[in-house]
Amino acid sequence: LMFDTTTRFRMATKYTARVPAGTVSATGQSLQKDVTWTFTTPPPKLEQMLPANQTTKRDAIIFVSFDQEIDPAEVLKTISVTGKGKKLPIRLATEKEIQEESSIPYYAAQTQPKRWLAFRALNAEGGTVDPLPADSPINVSIEKGTASAEGPIRTEKAQSFSFRTFGAMKYISINCGYQNKKDCSPFDQWYMQFSNSIDKSKFKQSMVKIEPAIEGLNIYPSGNYIYFQGVKKGNTTYKISVSDEIFDVYQQKLAEPATATVKVGSAPMSLYSQGGNFVVLDPTAKPSYSIFSMNHRSVKLRIYKVQPQDWHQFG
């Protein structure tokens, strides 16, 4: 016997199923006693968190969503936010605060109704000005015992995530290529990493100086990085100077001017020609065939005088 319900099972609920005594089979036999079994649907499970595993401002609104309906005020009672070893007071975010936070309305719209809440930490005066400690990891824990709005079963373990508040704008390192390598070739892209995301609207290429000059230089910021593109010379050491007039997205200037050096080695050896296995030279042009090489001193070449009937031997 297979059956389904006409409506969705409520979450966080224990169900009992019963086949009553007296139920008659197709052969006319009658069930002698009730057959019962139980099953449960799970309590609230954390599905989406914001911010998480990122650096953010000190007055950030925190967004969490679940796999079932919840009562925001009840769930708030089992949420703890800690920074620098101290538990911080929290409250639900107002509708006005939510609408003023650019990302939260988007994530709320992607979540089913009644399954999310937004809240924020408070400072010592009970206000919302920089309540999170600066340059610190922040841990958010949805503690054991969190309630569902669908059924009585509560969570049996904590569900946590973390993020970090921003600190001073600092230079971290410079790398090249796609594997953070230190040995750079003339064809590698360079990228300087900073502690905070850069404000693109205030960035100018003139804030960065490179010696010696790079042909076709293009400098642009993206997130925490400044990228460098252009034709570099082999076996050359470049010096990069970054002005402290660069701003991060929190409107802080770079703590101090940054300098870095990049040592560019030799280009990798390469040898190729155009045309594939069989090339027909232009009979009206000069009888020459081009070979392109890099960092090769010489090339060994064999030339055969052949006829069309030799094609199968050499093709």
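The structure contained in this document is the topic of the report that follows. (Residues numbered from 1 in each chain as written. Predicted model: local features only at pLDDT ≥ 70, side-chain atom pairs only at ≥ 80, totals over all residues. Heavy atoms only, no water.)

Topic: the pattern of salt bridges
Reasoning step 1: Going through the model one piece at a time under the given rule, you end up with 10 salt bridges.
Reasoning step 2: Residue Lys-57 is joined to Glu-101 by a salt bridge in which the shortest nitrogen-to-oxygen separation is 3.5 Å. Within this pair, whereas Lys-57 is found in the loop between β4 (55-56) and β5 (62-66), its partner Glu-101 is found in the loop between α2 (95-100) and α3 (104-109), the two being separated by 44 residues in sequence.
Reasoning step 3: Between Arg-120 and Glu-97 there is a salt bridge, with the nearest N and O atoms lying 3.0 Å from each other. Pair noted here: Arg-120 is in strand β9 (residues 116-121) and Glu-97 is in helix α2, with a separation of 23 residues, a long-range link. In this structure, Arg-120 and Glu-97 share a single accessibility class: buried.
Reasoning step 4: Shared partners join several salt bridges into a network, and the residues in it are Arg-91, Glu-97 and Arg-120. (Salt bridge = Lys/Arg side-chain N within 4 Å of Asp/Glu carboxyl O. Helix = DSSP H or I, 4+ residues; strand = E, 2+ residues; numbered from the N terminus. Buried < 20%, exposed > 50% of the residue type's maximum accessible area, 1.4 Å probe, protein only.)

What to know about the nonpolar core
Reasoning step 1: In terms of nonpolar packing, the biggest core is built from 25 residues, with Trp-190, Ile-210, Phe-228, Ile-240 and Val-242 touching the most fellow members.
Reasoning step 2: Breaking this core down by element, the ones donating at least two residues are β12 (171-176), β13 (190-194), β14 (208-211), β16 (225-231), β17 (236-242) and β18 (258-264).
Reasoning step 3: Once residues within four sequence positions are removed from consideration, Phe-228 is found in contact with Gln-189, Trp-190, Tyr-191, Met-192, Val-208, Ile-210, Asn-218, Ile-219 and Ile-240.
Reasoning step 4: Judged by nonpolar contacts, the second largest core, of 21 residues, contains Ile-62, Phe-66, Val-81 and Ile-90. (Core = buried A, V, L, I, M, F, W, Y, C linked by side-chain atoms within 4.5 Å. Contact = heavy atoms within 4.5 Å.)

Points about the sheet that holds strand β11 (residues 159-165)
Remark on secondary structure: sheet strands pair via backbone hydrogen bonds, oriented parallel or antiparallel.
Reasoning step 1: Strands sit in the order β4-β11-β10-β6-β7 across an open sheet of 5 strands; the sheet is mixed. Single-partner strands in this sheet number two, and they are β4 and β7 (86-88).
Reasoning step 2: Here β4 runs beside β11; their pairing, made up of 2 bridges, is parallel. When the sheet's bridge partners are listed, Thr-55 is paired in β11 with Arg-164. (Pairing = 2+ DSSP bridges.)

What about the environment of Gly-234?
Reasoning step 1: Here Gly-234 lies in the loop between β16 and β17.
Reasoning step 2: Using a relative accessible area of 33% as the deciding quantity, one classes Gly-234 as partly exposed.
Reasoning step 3: Residues Gly-234 and Pro-186, spaced 48 residues apart in sequence, show a C-alpha to C-alpha distance of 5.6 Å.
Reasoning step 4: Residues within four places of Gly-234 in sequence aside, it is in contact with Pro-186, Val-264 and Gly-265.

A few points about the layout of surface pockets
Reasoning step 1: In this structure, the largest pocket occupies an estimated 770 Å³ of space.
Reasoning step 2: Surrounding the largest pocket, 17 residues form its lining, Asn-277, Phe-278, Val-279, Tyr-304 and Val-306 being those nearest its centre. (1 Å grid on protein atoms, 1.4 Å probe; cavity = no way out; pocket = protein on both sides within 12 Å on 5 of 7 lines; lining within 4 Å. Points joined across faces, edges and corners; volume = space filled by probe spheres on them.)

Here's the deal with the side chain of Ser-80
Reasoning step 1: Summarising the element assignment, Ser-80 is placed in strand β6 (residues 79-83).
Reasoning step 2: Taking the relative accessible area as the measure of exposure, Ser-80 reaches 9% and is therefore buried.
Reasoning step 3: Reaching out from Ser-80, the side chain makes a polar contact with the side chain of Glu-143 at a distance of 2.8 Å.
Reasoning step 4: Every residue in contact with Ser-80, bar those within four places of it in the chain, is listed here: Lys-87, Asn-139, Val-140, Ser-141 and Glu-143. (Polar contact = N/O pair within 3.5 Å; in protein donor to acceptor, adjacent residues only side chain to side chain.)

Some points on the state of the cysteines
Reasoning step 1: Under the counting rule described, the total for this entry stands at 1 disulfide.
Reasoning step 2: Put simply, Cys-176 and Cys-184 are joined by a disulfide, and their sulfur atoms are 2.1 Å apart. An S-S torsion of about -100° defines the bridge between Cys-176 and Cys-184 as left-handed.
Reasoning step 3: For Cys-184, a relative accessible area of 7% translates into the label buried. (Disulfide = S-S within 2.5 Å.)

Things to note about the packing of aromatic side chains
Reasoning step 1: For the structure on display, the rule yields 15 aromatic pairs.
Reasoning step 2: Judged by centre distance (5.4 Å) and plane angle (80°), the ring pair of Phe-9 and Phe-39 falls under edge-to-face. One end of the pair, Phe-9, is in the segment before β1 (14-19); the other, Phe-39, is in strand β2 (residues 35-40), with 30 residues separating them in the sequence.
Reasoning step 3: Take Phe-9: its relative accessible area is 31%, and that puts it in the partly exposed class. (Phe/Tyr/Trp six-rings, centres within 6.5 Å; stacked < 30°, edge-to-face > 60°.)

Some remarks on the sheet that holds strand β15 (residues 215-222)
Reasoning step 1: Taken in spatial order, the 4 strands line up as β12-β13-β16-β15 in an open sheet, and their pairing is antiparallel. Only two strands of the sheet have a single partner each, and these edge strands are β12 and β15. In this sheet, adjacent strand axes meet at a mean angle of 15° when their direction is disregarded.
Reasoning step 2: Alignment of β12 against β13, held across 5 bridges, turns out to be antiparallel. Bridge pairing in β13 links Tyr-171 to Phe-194. (Axes fitted to C-alpha atoms, helices over the stretch in contact; angles between N-to-C directions.)

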